[in-house]
Amino acid sequence: MLVNLRIHNFITIKEFDSEFFNGLSVFTGESGAGKSVIFSALYCILAKPMSLNVIRPGCSYCELEAEFNISALNNSFLNDLTDNDDTLIIYRKLLTNKKSVIKINSQTITQKVLKEVSSHLAIFINQHEQLALLKPSYQLELIDKLDTKISEQKIKYSNIYKTYLGIKIKIANLNETFTNPQQLDFFRYQYNDISEHTFNKNEELELKQEKKDLLLKQKEIKNLNEISSGLDLSMTQLTHISSLMSQLESIDEIAKKDIENVVEKVADLSFMIASSSTPTAHMESYIDKIQDRLNLIFTYCSKYKKLNLDQLCEFEKDLKKNIASSETFEAELVQLNTKLRTTLDNLLLEADKLTQLRHSQCKEIQTIIEDILKRLGFNHVSFKISLDKLDTFLVSGNDLITFKICINKGAELKPINESASGGELSRVLLAFYSAFSENTEKKLFLFDEIDTGVGGISANAIGKELSSIAMHQQVFCITHLAQIASLADKHLAVSKKTLRNETITQIDYLENDDNIEIVRMMGGKSFLKAVNKT
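Quick caveat, the model's predicted, so the values are computed rather than measured. (Residues numbered from 1 in each chain as written. Predicted model: local features only at pLDDT ≥ 70, side-chain atom pairs only at ≥ 80, totals over all residues. Heavy atoms only, no water.)

Attention now moves to the state of the cysteines. As enumerated under the stated definition, the model contains 0 disulfides in all. With no disulfide of its own, Cys 313 has Cys 301 as its nearest cysteine by sulfur position, at a separation of 8.2 Å. Lacking any disulfide linkage, Cys 477 is separated from the closest cysteine sulfur, that of Cys 44, by 20 Å. For Cys 477, a relative accessible area of 0% corresponds to the buried category. (Disulfide = S-S within 2.5 Å. Buried < 20%, exposed > 50% of the residue type's maximum accessible area, 1.4 Å probe, protein only.)

The next subject is the environment of Ile 227. Mapped onto the secondary structure, Ile 227 falls in helix α8 (residues 203-246). Residue classification places Ile 227 among the partly exposed residues on the basis of a relative accessible area of 42%. As a C-alpha pair, Ile 227 and Val 519 span 292 residues in sequence and 103 Å in three-dimensional space. (Helix = DSSP H or I, 4+ residues; strand = E, 2+ residues; numbered from the N terminus.)

Our focus in this paragraph is the confidence of the model for the chain. Considering every residue of the chain, the mean pLDDT works out to 85; 93% of them sit at 70 or more. Taken element by element, the chain is modelled with least confidence in helix α18 (residues 525-533), mean pLDDT 52, and with most confidence in strand β4 (residues 61-69), mean pLDDT 94. (pLDDT = per-residue confidence, 0-100.)

A word on the pattern of salt bridges. Counted under the stated rule, the structure contains 14 salt bridges. The closest approach of N and O atoms between Glu 65 and Arg 6, which form a salt bridge, is 3.9 Å. Of this pair, Glu 65 sits in strand β4 while Arg 6 sits in strand β1 (residues 2-10); the two residues are 59 residues apart in sequence, bridging distant segments of the chain. Residue Glu 65 is classed as partly exposed on the basis of its relative accessible area of 26%. Look at Arg 6 and you get buried, because its relative accessible area is 16%. (Salt bridge = Lys/Arg side-chain N within 4 Å of Asp/Glu carboxyl O.)

Inspection of helix α3 (residues 111-121) places Leu 114, Val 117, Ser 118, His 120 and Leu 121 among the buried residues, and these make up the whole buried set. The arc that holds the buried residues of α3, viewed along the axis, is 155°, so those residues lie on one side. Opposite its buried face, α3 presents the exposed residues Lys 112 and Lys 115, each directed more than 90 degrees away. (Arc of directions from axis to C-beta.)

Let us now look at the sheet that holds strand β11 (residues 414-415). The strand order across the open sheet formed by 3 strands is β9-β10-β11, and the pairing between neighbours is antiparallel. Strand pairing shows two members of the sheet lacking a second neighbour, β9 (382-394) and β11, which therefore form its edges. Along the sheet, helix α12 (residues 329-375) makes contact with β9 and β10 (397-406), crossing β9 at roughly 165°. (Pairing = 2+ DSSP bridges. Contact = heavy atoms within 4.5 Å. Axes fitted to C-alpha atoms, helices over the stretch in contact; angles between N-to-C directions.)

Time to look at the packing of helix α7 (residues 181-195) against helix α11 (residues 309-325). Angle between the axes and distance between the axes are the two parameters that describe a pair of packed helices. Where α7 contacts α11, the axes come no closer than 9 Å and their chain directions differ by 135°. In terms of their interaxial angle, α7 and α11 are classed as oblique. Where α7 crosses over α11, the handedness of that crossing is left-handed. Listed contacts from α11 to Phe 187, Arg 188, Gln 190, Tyr 191, Ile 194 and Ser 195 of α7 are Leu 312, Phe 315, Glu 316, Leu 319, Lys 320, Asn 322 and Ile 323. Class assignment for the residues of the contact of α7 with α11 results in 7 nonpolar, 3 polar and 3 charged. (Parallel < 35°, antiparallel > 145°, perpendicular 65-115°, else oblique. Left-handed = near helix turned anticlockwise from the far one by under 90°. Nonpolar A, V, L, I, M, F, W, Y, C, P; charged D, E, K, R; others polar.)

A few words now on the packing of helix α5 (residues 136-145) against α12. Between α5 and α12, whose axes approach to 10 Å, the crossing angle comes to 85°. Our classification of the angle between α5 and α12 gives roughly perpendicular. For the pair α5 and α12, contact is made by Leu 140, Ile 143 and Asp 144 and by Arg 358, Gln 361, Cys 362 and Ile 365, respectively.

Further remarks concern the nonpolar core. The biggest cluster of nonpolar side chains holds 54 residues, and the ones touching the most others in it are Phe 403, Phe 432, Tyr 433, Phe 447 and Leu 466. Top element by residues in this core is helix α14 (residues 422-437). It accounts for 9 residues. Counting 48 residues, the second largest nonpolar core, distinct from the first, contains Phe 10, Phe 39, Leu 42 and Phe 476. (Core = buried A, V, L, I, M, F, W, Y, C linked by side-chain atoms within 4.5 Å.)

Another aspect to go through is the pairing of strand β14 (residues 490-499). As judged from the 4 bridges shared by strand β3 (residues 24-28) and β14, these two strands associate in the parallel manner. When the sheet's bridge partners are listed, Val 26 is paired in β14 with His 491. Pairing analysis gives 9 bridges linking β14 to strand β15 (residues 502-510), with the strands arranged antiparallel. Looking at β15, one finds that Lys 496 is bridged to Thr 505. Hairpin connection from β14 to β15: 2 residues lie between these consecutive antiparallel strands, with Arg 500 at a positive phi of about 50°.

Our focus in this paragraph is unusual backbone geometry. The phi dihedral of Ser 106 is positive, around 70°, even though this residue is not glycine. Even without being glycine, Lys 305 reaches a positive phi, approximately 55°. Mapped onto the elements of the fold, Lys 305 is located in the loop between α10 (281-303) and α11.

Spatially, the 6 strands line up as an open sheet ordered β2-β1-β4-β5-β6-β7, and their pairing is antiparallel. Each edge of the open sheet carries a strand with a single partner, namely β2 (13-19) and β7 (107-108). Pairing geometry for strand β6 (residues 100-104) and β7, over 2 bridges, is antiparallel. When the bridges of β7 are listed, Ile 104 appears paired with Gln 107. Strands β1, β2, β4 and β5 (87-95) of the sheet are contacted by helix α1 (residues 35-45), whose axis makes an angle of about 105° with β1.

Moving on, we get to the environment of Ala 274. The residue Ala 274 is located in helix α9 (residues 253-276) in this model. Overall, Ala 274 belongs to the partly exposed group, its relative accessible area being 40%. Through-space distance from the C-alpha of Ala 274 to that of Glu 203 is 35 Å; in sequence the pair is 71 residues apart.

This next bit is on a negative patch on the surface. A contiguous patch of negative charge, built from Asp 80, Asp 83, Asp 85 and Asp 86, is present on the exposed surface. Relative to the assigned elements, Asp 80 resides in helix α2 (residues 76-81). Accessibility expressed as a relative area gives 60% for Asp 80, which makes it exposed. (Patch = residues over 30% accessible without salt bridge, like charges linked within 9 Å, V, L, I, M, F, W, Y side chains within 5 Å. Areas by Shrake-Rupley, 256 points an atom, 1.4 Å probe, with all protein chains shown as cover. Lys, Arg positive; Asp, Glu negative; His and termini not counted. Charge placed at Lys NZ, Arg CZ, Asp CG, Glu CD.)

Here you go:
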C-alpha cells in the first residue's frame, strides 16, 4: 500500500508531499490541471523511463519518492530488498546532465530491478489497456492472471518450449549447411584459402611490435652512420691541423701535444662508432617482408569481414569444425530429430495441461464477469470466452482465446472488437480487475480515466464497482464524473495556478463535507440552480 508520495520539480508540480490511505482515492480537476501529471510521477516511480522533459522548467533536477507498506504482501522478493522491513521506499532523481539515480531503501538498483518491484506493488489500468483488450494475446494474459496455477504451468511449458525451439534451430542450421553441396564446397574453399597462409591469432600483434622495434633500430643505425661520417671528416681536418701546427715554431710544445691528443681521441671515438654501426639494407628488406605479411592479414580480414586476425582464426576453426561435422551429419540429425519428437510430446502434454486450466478458469470467470457487467449497467449482457487450439506453438501455449459479448437482448454473440464501444470496453476491463481483486495480493490499482466514454447511470455503477475493489485493494482513480467522485473515501482536487512567471499544479485534499469540487464537476452553481428550477 502506498502510504506517502513526494514529488519535487516534476513537470508542473513544484512540491507535493502527502499521505495516502486505504480505500478509493479520486483525483479530479479541469482538463489540463495536472491530474495525469500525478499519475505520470507514479508511473516513473514504478519503472517508467524518465526523460529530461519531466524536469520542471528552470530547474536542474527532479525528485520522486514513494513509501509503501508491504507488511500485508508476504512477498519474499520485496522482503529481501528491504531486509524484512515492512517499509519499502523508492527514490528516483533525474538531473539535467542526464544522470539518473534509482534507490530502494537507500540502496542503488537498476531500472530492470525497479520494473520487477513495480509488478509486485501496482497495476496500471488506462486507455492503452482498453485498446489492448481487443487483442487475443491480452485477453489470454488477463485469464492467466486469475489463477496462480496457470502461471506455474506456463513456466513449465515455457521451459520445454525454449528447448523445443533450440532443437528446431539446430536442425535447420544442420540442414542448411550439409544438405547443400554447394554450401559445403564453399566452406572447403574458404578454409583452404585461409589455412594455406598458416595465420596465428597472436601473429599480427607480434609482427607490429617487431616492425616497431626494427624501425627504432634502423633509425639508431642511421644516426650512428651519420656520426661516423662526421667523425671521419673531422679526423681528416684535425690531422691536417696537427701537421701544420707541428711545423710552426711559434706554437709551444704543449699546444702541439694537446692537438695530437685530440686527434688520437677522435680516432678512438670514430673507431668505436664505426664498430657499432651496421649496414641497414638487410634490415629494410626484413621490414618489407613484415609489412607484406601485415598487408596480407589486413586483406584477409577485410575479405572475410573480420575485425582482426583473432576473429579470422576463430572463423577458420569454425569452418574446419563444420567440414568435419559433415561426416557425422546424418547421425547427428537422427539424434536431434529423436530428441525433437520426445520434446514435442512433452510440449503437447504441458500445453494440454495449460489448456485444461484455462478452460476451467474460463467457465468460472464467465459467470463472474457477466454478473459484474450486469451491475455495471448491462442488463441483458451475455459474455462468453471461447478457447480454440492453434496449429502451432507460441511462447504462451497453443490456445487462441476470444472474448465474445452480446450487450443487447436478442443480438448474437460477437468478438468484443466487433461489438463494444469505448465506454463498454472500459466496463469490461473494470469487470475483469474487479473479478480478481478480492483474491490477489494487495496492490495499488491505478485507474487512469477508466470512465472514458461513460456517463449517467453507468457512471454510478462504475463508482460502486471501484468502491467494491477498494474494499480489498488500494485504488487511485482519475475521473471527470461527479458520480464517481462522490463515492470516494479520499478526494484530491487538482488545479493549475499561475504565479508571476511560472505555472504550477496544486493538489488539495478535500474534507468529506466539502462539495465545492463536486458542484464544479456537475457544471457549477448556476447549473444546479437550473436543475432545481426544472
